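A structural walkthrough
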Amino acid sequence: MECINCGNCKVGNTTYFCFKENGFVVDVSKQMVVEKVRSGWKKGDPEYEKQRRRSRKEVEV
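So, here is what we can say about the structure in this document. Keep in mind it's a predicted model, so treat the numbers as computed, not measured.

Criteria and cut-off values
- Residues numbered from 1 in each chain as written.
- Predicted model: local features only at pLDDT ≥ 70, side-chain atom pairs only at ≥ 80, totals over all residues.
- Heavy atoms only, no water.
- Phe/Tyr/Trp six-rings, centres within 6.5 Å; stacked < 30°, edge-to-face > 60°.
- Buried < 20%, exposed > 50% of the residue type's maximum accessible area, 1.4 Å probe, protein only.
- Pairing = 2+ DSSP bridges.
- Helix = DSSP H or I, 4+ residues; strand = E, 2+ residues; numbered from the N terminus.
- Patch = residues over 30% accessible without salt bridge, like charges linked within 9 Å, V, L, I, M, F, W, Y side chains within 5 Å.
- Areas by Shrake-Rupley, 256 points an atom, 1.4 Å probe, with all protein chains shown as cover.
- Salt bridge = Lys/Arg side-chain N within 4 Å of Asp/Glu carboxyl O.
- Disulfide = S-S within 2.5 Å.

1. Things to note about the packing of aromatic side chains
Taken as a whole, this structure holds two aromatic pairs when the rule is applied. For the ring pair Phe17 and Phe19, a centre distance of 5.1 Å and an interplane angle of 80° mean the geometry is edge-to-face. A relative accessible area of 25% means that Phe17 is categorised as partly exposed. Here the aromatic residues Phe17, Phe19 and Phe24 are joined through ring pairs into a cluster of three or more.

2. What to know about the pairing of strand β2 (residues 23–26)
In this structure, strand β1 (residues 15–18) lies alongside β2, joined through four bridges in antiparallel fashion. In the sheet register, Cys18 faces β2, and the bridge partner there is Gly23. Between β1 and β2, which pair antiparallel in sequence order, lie four residues; one of them, Asn22, sits at a positive phi of approximately 55°.

3. Observations concerning a nonpolar patch on the surface
Among the surface-exposed residues, Met1, Ile4 and Phe19 lie close enough to one another that they form a single nonpolar patch of about 350 Å² accessible area. Within the secondary structure layout, Met1 lies in the segment before β1.

4. Section: the state of the cysteines
Using the criterion set out here, one finds zero disulfides in the structure. Its sulfur unpaired, Cys3 is 5.7 Å from the next cysteine sulfur, which belongs to Cys9. Of all cysteine sulfurs, the one in Cys3 lies closest to Cys18, which takes part in no disulfide; the gap is 6.5 Å. Look at Cys18 and you get buried, because its relative accessible area is 16%.

Right under this line is the structure:
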């Protein structure tokens, strides 16, 4: 099957449906790498032990 010029590949999305290939296409050249940000309590945080003890007291009660 030839390209029917639907324009899905020219929209700029990383994933689109291609009628020529009869399936979804993932364009990895347009993907952006996003760093995962971890937030919350960490053992190096000075408030970590206080928070841990408080939460344990609430669970025991």
